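Understanding the architecture of this molecule
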Amino acid sequence: MPYSTEAIRNIALVGHGGCGKTTLVDTLLQAAGTSRGHGGNNGSGGNGAAERTNMVAGYDPLERKYRHSLFTTPSYIDYRDVRIHLLDTPGYPDFIGQAISALPAADTAAVVIDAQSGIEMMTSRMMELAGARGMCRLIIISKIDTPGIDLPALVLRIQELFGRECLPINLPAAGAHEVADCFFQPDGDADFSTVAAAHRALMDQVVEVDAAFMETYLDQGDIDPEILHAPFEQALREGHLIPVCFVSAQTGAGIAQLLDIFARLMPNPAECNPPVFYQDTPGQPQARKRIHAVPDPAQHVLAHVFRIAADPYVGKVGMFRIHQGTVRRDGTLYIGDQRKPFRVSHLYKLQGKEQIEVQQGVPGDICAVARIDDIFYDAILHDAAEDAHIHLEPIPLPQPIYGLSIEPRKRGDEQRLWDILQKLCAEDPCLRVDRMMSTGETVMSGLGELHLRSVLDRMTEMYKTEVITHPPKIAYRETIAAVAEGHYRHKKQSGGAGQFGEVFLKVEPLPRGSGFEFVDAVKGGVIPRQFLPAVEKGILQAMEAGPVAGYPMQDVRVTVHDGKSHSVDSKEIAFIVAGRKAFRDAVMKARPLLLEPVVSIEVTGPEENMGDITADLSVRRGQISGMRRGHGDSALVSGLIPLSELNGYQSRLHSSTAGRGGYTISFSHYEAVPPAMQQRMAGQYKEVADEA
Ligand SMILES: Nc1nc2c(ncn2[C@@H]2O[C@H](COP(=O)(O)OP(=O)(O)OP(=O)(O)O)[C@@H](O)[C@H]2O)c(=O)[nH]1
Ligand SMILES: [Mg+2]
């Protein structure tokens, strides 16, 4: 079906693990009569909704094993002349990086809340992230068939936490077997509140963004919802309205209404806040330009790669969202700053695992290319060489903090293991692999135990590699606490050609989480332009192992401001060495610090054990921030705690609560370790280094 940008809706389904996203996507696909790709309908039949077998969205055997989605899966529905792209994202905290990295591909974040579990850790996180990116938001309360739930209380709680702009657009009716529309056709009865009251609240909110409509509304006492499209979109865009709707994938209640909401009320790609891109001029950080993509099919192509899937059989698949221009089969595209374009010999739409060949993609489309080796996550695809150095506004991904040291079971397989790890990292922006300078080990880090376990499973299942693992390592990092100057003059005269390079630089601490910044402030070409990348390379080498305990460094700005070169002896290697040593020199004077990851934690357990649980957390440097009642006699405490204090926590909790306690963590931030601990770890590192 050929379609225009205006006929596209891009919806990311996000929310806490197990809230019902994958089941909902499958039910929506089924309801819209979309042919399912892989696997087909296996005849589980009936309304078959909440079955986990015949699914487009959750097809991966590992996902079935874990009973959680591990990756974002795109699919689409053609409904009432509208093409609805659905991105089913994982919600389990260990896989949340996939959900966050998929947000830039969507215009609407549909935040799914389990009617029984209520607001959970990832609900709030996704509400905030989507709001911060200026996305339109919709709240879907799922599983309304569950007996004994208190939906009015949940709606109040949502409004309390996320604002009065969260307003029901439909309401459960007939004992939650149906839902009653409160926007277009506000008649009928609801299980609580009234359709009329919900309708009024919605209208009040929508007309508030437009004086003319407000006047008509006040004059006439009501207004035809059909003419409110523009103010409705404006209210969504401005975060002035967050509609709340109700569904059960089990009974089908609210499913048809949800399709209608997507098609008639959610924004098309031209109606939402445009994503922010930056264009850089190499070597001149001050020259960064902010640009907006225009959803115009006739302009240059700008597309953003939001997911890479590496499969040993299918090859590398790059999924991207087109923000501007038209991508055509047989056209050529550049990847980021790479000089050589590739030919789009096949262009696909993805329906779960199935790839469907298409001729073109228009602005707003979500498409994929396969077997392009150089494509990478977060790359910008463009069709004009001058559009290099364009980036999407950075996506705040959680940092991999949970480490595991690994080695191949078979000796001699080290390189193969390293290559596989690189492929897995390409797929997963929250997975990272380091070779630790201090110990020579290979450490892979991720967001949690389950995350790493799933990676190990993929290694065995997909790449048939067995590995030996060693106990979790904490991903400590290093940084500096002060500004300092550094200098190094590298001069080598050995027989023939010599080496010469001299570098003066300044290091400064950056706010936590900002990574690394390299500033070129060299005047008069004292270090020739072509050698600056070498200086940066030397600095990056030095940052791999900090001076305190050999952990990678972060949150440092380095300004190279002076130096010297020699017309014959200056070469790349000389500036790599000079950059590395000048940086070390500066860092030693800049009060190096050891950082440790701190996580948000939510612990649930019987109310009577809460005293012990909080006391235990406090002893372990935890800070309790809240406590509330859960279901029945259970309670929940939340707070922050250094990850290193959680070693063996599961089994401690298990024994103190007679097996009823559980917890989830997610990365919060890095913090300096207490001085005594830094001293101890530095001492141990020195011993190892001295022995080597
Ligand atoms: N009663 C009831 N159960 C449901 C409904 N929808 C889903 N479930 C069940 O809820 C569980 C979790 O559903 P999923 O669809 O896998 O949840 P998810 O949000 O995709 O979970 P993650 O992939 O981990 O983020 C499954 O056991 C489903 O059968 C519903 O409408 N009613
Ligand atoms: Mg899922």
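Up top is the structure these notes are about.
This write-up is about the structure you can find in this document. Because the structure is predicted, anything quoted here is derived from the model rather than measured.

As a further point, take the overall build of the protein. In terms of regular secondary structure, the protein is built from 16 helices and 35 strands. By the compact-globule yardstick of 26 Å for 692 residues, the protein fits well, its C-alpha radius of gyration being 27 Å. In terms of overall dimensions, the protein has C-alpha extents of about 90 × 65 × 55 Å along its principal axes. Scored against the burial criterion, the 692 residues of the protein give a buried share of 45%. Look at the contacts in the protein between residues 6 or more apart in sequence, and 74% of them connect residues 24 or more apart.

This next bit is on the site of ligand 1. In the vicinity of ligand 1 lie 20 residues, with Thr22, Thr23, His68, Ser69 and Gly91 positioned nearest. At three residues, helix H1 (residues 21-31) tops the list of elements feeding residues into the shell around ligand 1. Among the residues making up the shell around ligand 1, the classes are represented as five nonpolar, 12 polar and three charged.

Moving on, we get to the sheet that holds strand S6 (residues 166-168). The strand order across the open sheet built from seven strands is S2-S3-S1-S4-S5-S9-S6, with neighbouring strands paired in mixed fashion. One side of each edge strand has no neighbouring strand; the edge strands of this open sheet are strand S2 (73-79) and S6. For this sheet, the mean angle separating the axes of adjacent strands, direction not counted, is 25 degrees. Direction of pairing for strand S1 (residues 8-15) relative to strand S3 (residues 82-88): parallel, over a ladder of six bridges. The residue bridging alanine 12 from the neighbouring strand is leucine 87, located in S3.

What follows deals with unusual backbone geometry. Although it is not a glycine, serine 193 sits at a positive phi angle of roughly 50 degrees. Here serine 193 shows up in the loop between strand S8 (178-181) and helix H6 (195-207). Note on serine 193: 16 C-beta atoms within 10 Å, which makes it partly exposed. The backbone of aspartate 330 sits at a positive phi, close to 75 degrees, despite the residue not being glycine. Here aspartate 330 is to be found in the loop between strand S14 (327-328) and strand S15 (332-335).

A separate point is the pairing of strand S12 (residues 302-311). The element S12 is extensively covered by neighbouring structure, given that eight of its 10 residues are classed as buried. In terms of strand pairing, S12 meets strand S13 (residues 315-324) through nine bridges, oriented antiparallel. Each residue of the ladder has a partner; that of aspartate 311, found in S13, is glycine 315. Where S12 folds back onto S13 in an antiparallel hairpin, the turn is made up of three residues. As judged from the three bridges shared by S12 and strand S21 (residues 380-382), these two strands associate in the antiparallel manner. Bridging across to S21, alanine 303 finds its partner in leucine 381.

Looking now at the environment of methionine 462. Here methionine 462 lies in helix H11 (residues 449-463). The exposure class of methionine 462 is partly exposed, given the 16 C-beta atoms found within 10 Å.

With two bridges joining them, S15 and strand S16 (residues 342-343) adopt antiparallel strand pairing. Each residue of the ladder has a partner; that of threonine 332, found in S16, is arginine 343. Linkage of S15 to S16, two consecutive antiparallel strands, is achieved through a turn of six residues, within which glycine 336 is found at a positive phi near 50 degrees. Relative to S21, S15 runs antiparallel, the two sharing two bridges. Across the sheet, the residue bridging to isoleucine 335 is leucine 381, located in S21.

On to the packing of H6 against helix H8 (residues 229-237). The contact between H6 and H8 brings their axes to 8 Å, and the two run at 85 degrees. One element, H6, and the other, H8, form an angle in the roughly perpendicular class. Contacts between H6 and H8 pair Gln205, Val206 and Val207 from the former with Pro231, Phe232 and Ala235 from the latter. Classifying every residue of the contact of H6 with H8 by side-chain character gives five nonpolar, one polar and no charged.

On to the sheet that holds strand S28 (residues 484-492), then. The strand order across the open sheet built from four strands is S28-S29-S31-S30, with neighbouring strands paired in mixed fashion. A single partner strand is all that each edge strand has here, and the edge strands are S28 and strand S30 (516-520). Ignoring which end each strand starts from, the neighbouring axes of this sheet average 25 degrees apart. Bridging between S30 and strand S31 (residues 556-564) involves five bridges; their strand directions are parallel. Within the sheet, the bridge partner assigned to valine 519 lies in S31 and is threonine 559.

Our focus in this paragraph is helix H7 (residues 211-220). Burial runs low along H7: only zero of the 10 residues are buried. Looking at the residues trailing H7, positive phi occurs at glycine 221, about 80 degrees.

Criteria and cut-off values
- All chains use their own residue numbering, which begins from 1 and follows the written sequence.
- Each chain is given a letter, starting from A, and each ligand a number, starting from 1, according to the order in which they appear as written.
- Predicted model: local features are reported for residues with pLDDT of at least 70 only, side-chain atom pairs are reported and counted for 80 or more only, and whole-chain, interface and lining totals are derived from all residues.
- Secondary structure is summarised from DSSP: a helix means a run of H or I of at least four residues, a strand means a run of E of at least two, and numbering begins at the N terminus for each.
- All radius of gyration figures rest on C-alpha atoms, and the globule criterion is 2.2 Å times the number of residues raised to 0.38.
- For the exposure call, what matters is how many other C-beta atoms sit within 10 Å of a residue's own: 20 or more marks it buried, 12 or fewer exposed, and in between partly exposed, using C-beta atoms placed from the backbone.
- Throughout, a residue-residue contact means that the two C-beta atoms, derived from backbone geometry, are no farther apart than 7 Å.
- For each residue, a C-beta atom is placed from the backbone, and the residue is labelled near a molecule or strand when this atom is within 6 Å of it.
- Residue type decides the class: Asp, Glu, Lys and Arg count as charged, Ala, Val, Leu, Ile, Met, Phe, Trp, Tyr, Cys and Pro as nonpolar, and the leftover types, Gly among them, as polar.
- DSSP calls a pair of strands paired once it identifies at least 2 bridges connecting them.
- Between N-to-C directions, angles cover 0 to 180 degrees, with each direction set by a line fitted to C-alpha atoms, over the stretch in contact for helices.
- When an angle is under 35 degrees it counts as roughly parallel; over 145 it counts as roughly antiparallel; between 65 and 115 it counts as roughly perpendicular; any other value is oblique.

Read these as spatial facts, not as claims about activity.
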